[in-house]
Amino acid sequence: MKRRKREQIWNILKGVLDLTQARRVLVVPCAESGKKSIWFLPEIHALGIQVVGADLSPSMLHKEWGWLVSEVPLVVCDIRSLPFREGAFDLVINQRFICHFDEEFRRKALSEMRRVTSGFLFIHYESKHTFKYLSRRLRERLGLRKRPPRTFHGGDFDWKSTKHPLGHVKLSHKETKKELTDAGFQMVKVKPLFPLLSDRWFYLVKKV
């Protein structure tokens, strides 16, 4: 399943790269302890695209991508204050991240990603539109399941002041669309990873 999921995400992302014709791409964040599979820095670089990887954690960035630093620039930074000029990239890619944080953090992160892209943002949100989500909510209402406390394990930095208390924020498509529209983007394409089964929904939006 993991291999199939990875292949599906790459197919979605490759379609986005083809559609946007992006030549300068920022992947932020691009590191997570023990998980290299979905950032695709080498694959994007191999397509002849200028790609930059950015992450807040120096240790995870070096651990995952130290071997790639001679070919792909790696930048340590906070997504709420990106050290790039306005419109520096054609496309910004954001996966496995925004759903971990509260509304204020998401607003600041979206504002910065909008600033540094001249065109597009490809972003992953977690959706309510799944059988798994509906089943969990039903069990909670019936008292058959309690929401466990969740944590987001980072590297050499503190997430406690910014992460969402439940660890993950799940939004409906309508809520996600409103959040992205309010941030200054317009919808281009929406693609669920596996409809009704996976909570990963990918949104390609354009800066307006």
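A few points on the structure. (Residues numbered from 1 in each chain as written. Predicted model: local features only at pLDDT ≥ 70, side-chain atom pairs only at ≥ 80, totals over all residues. Heavy atoms only, no water.)

### Examining the overall build of the chain
Filter applied, for reference: Secondary structure elements are taken from DSSP: a helix is a run of H or I of four residues or more, a strand is a run of E of two residues or more, and numbering for both begins at the N terminus. For every residue, the accessible area (1.4 Å probe, protein chains only) is compared with the maximum for its type, and the residue is labelled buried under 20%, exposed over 50%, or partly exposed between those bounds. By the convention used here, residues are in contact when the closest approach between their heavy atoms is within 4.5 Å. The protein chains shown are the only cover counted for residues, whose accessible areas, like all others here, come from Shrake-Rupley with a 1.4 Å probe.
From N to C terminus, the chain includes six helices and eight strands. Sequence-ordered secondary structure for the chain, helices as α and strands as β, is α-β-α-β-α-β-β-α-β-α-β-α-β-β. A burial count over the chain gives 47% of its 208 residues as buried. Within the chain, residue pairs in contact and separated by at least 24 positions form 73% of the contacts whose partners lie at least 6 positions apart. For the chain, the exposed surface amounts to about 11,000 Å²; the carbon and sulfur share of it is 53%.

### Observations regarding helix 1 (residues 2-20)
Here is the rule we go by: Given a helix with a known number of residues, its expected span is that number minus one, times 1.5 Å. In this description, the arc belongs to the directions extending from the helix axis to the C-beta atoms.
Taking 1.5 Å per residue as the helical rise, helix 1 with its 19 residues ought to reach 27 Å, and the 27 Å between its terminal C-alpha atoms agrees with that figure. For helix 1, the complete set of buried residues consists of Ile9, Trp10, Ile12, Leu13, Val16, Leu17 and Thr20. Down the axis of helix 1, the buried set is contained in an arc of 160°. They therefore lie on one face. Looking at helix 1, the residues exposed on the side facing more than 90 degrees away from the buried face are Arg3 and Arg4. Lining the buried residues of helix 1 we find strand 1 (24-27), helix 2 (41-46), strand 4 (89-94), strand 5 (117-127), strand 7 (185-192) and strand 8 (200-207).

### Points about the packing of aromatic side chains
Quick note on the threshold: Aromatic contacts are taken between Phe, Tyr and Trp rings whose centres are within 6.5 Å, Trp giving its six-membered ring; a plane angle under 30 degrees counts as stacked, one over 60 as edge-to-face, and the others as tilted.
Per the stated rule, a full pass over the model turns up eight aromatic pairs. Ring centres of tryptophan 10 and phenylalanine 40 lie 5.0 Å apart, and the angle between their planes is 35°; on these two criteria the pair is classed as tilted. Of this pair, tryptophan 10 sits in helix 1 while phenylalanine 40 sits in the loop between strand 1 and helix 2, and the two are 30 residues apart along the sequence. On the basis of relative accessibility, which here comes to 1%, the residue phenylalanine 40 falls in the buried class. Relative to phenylalanine 105, the ring of phenylalanine 97 lies with its centre 5.9 Å away and its plane at 55°, an arrangement referred to as tilted. A single burial state applies to phenylalanine 97 and to phenylalanine 105, both of which are buried. Through a chain of ring-to-ring contacts, three or more aromatic side chains come together here, namely Phe97, Phe101 and Phe105.

### Topic: the pattern of salt bridges
Stated formally: Salt bridge, as applied in this entry: a Lys or Arg side-chain nitrogen positioned within 4 Å of an Asp or Glu carboxyl oxygen.
The tally for this structure, following the rule as stated, stands at eleven salt bridges. Put simply, Glu104, Arg107 and Lys108 are held in one network by salt bridges that share partners.

### Some details on the nonpolar core
Operational definition: Residues belong to a common nonpolar core when they are buried Ala, Val, Leu, Ile, Met, Phe, Trp, Tyr or Cys residues joined through side-chain atoms within 4.5 Å.
Within the largest apolar cluster, 31 residues are counted, with the highest numbers of intra-cluster contacts made by Val25, Val27, Ile44, Leu91 and Phe122. Mapped onto this core, the elements with two or more residues apiece are helix 1, strand 1, helix 2, helix 3 (58-65), strand 4, strand 5 and strand 8. At six residues, the largest contribution of residues to this core is made by helix 1. Excluding residues that lie within four positions of it along the chain, phenylalanine 122 makes contacts with Ile12, Leu13, Val16, Leu91, Val92, Ile93, Asn94, Phe202, Tyr203 and Leu204. One finds Cys77, Ile98, Ala109 and Val116 within the second-largest nonpolar core, a separate group that totals 29 residues.

### So, the pairing of strand 1
Stated precisely, the cut-off is as follows: Strand pairing is defined by DSSP finding a minimum of two bridges between the two strands.
Where strand 1 lies against strand 2 (residues 50-55), four bridges are found, and the strand directions are parallel. Looking across to strand 2, one finds that arginine 24 is bridged to glutamine 50.

### Observations regarding the state of the cysteines
We count it as follows: By definition, disulfides here are pairs of cysteine sulfur atoms that lie within 2.5 Å.
This structure, assessed with the given rule, holds zero disulfides. Cysteine 30 forms no disulfide, and the closest cysteine sulfur to it belongs to cysteine 77, at a distance of 8.8 Å.

### Comments concerning the side chain of glutamate 112
Looking at the element boundaries, glutamate 112 is found in helix 4 (residues 103-116). The residues touching glutamate 112, leaving out its near neighbours within four places in the chain, are Ile79, Arg80, Ser81 and Leu82.

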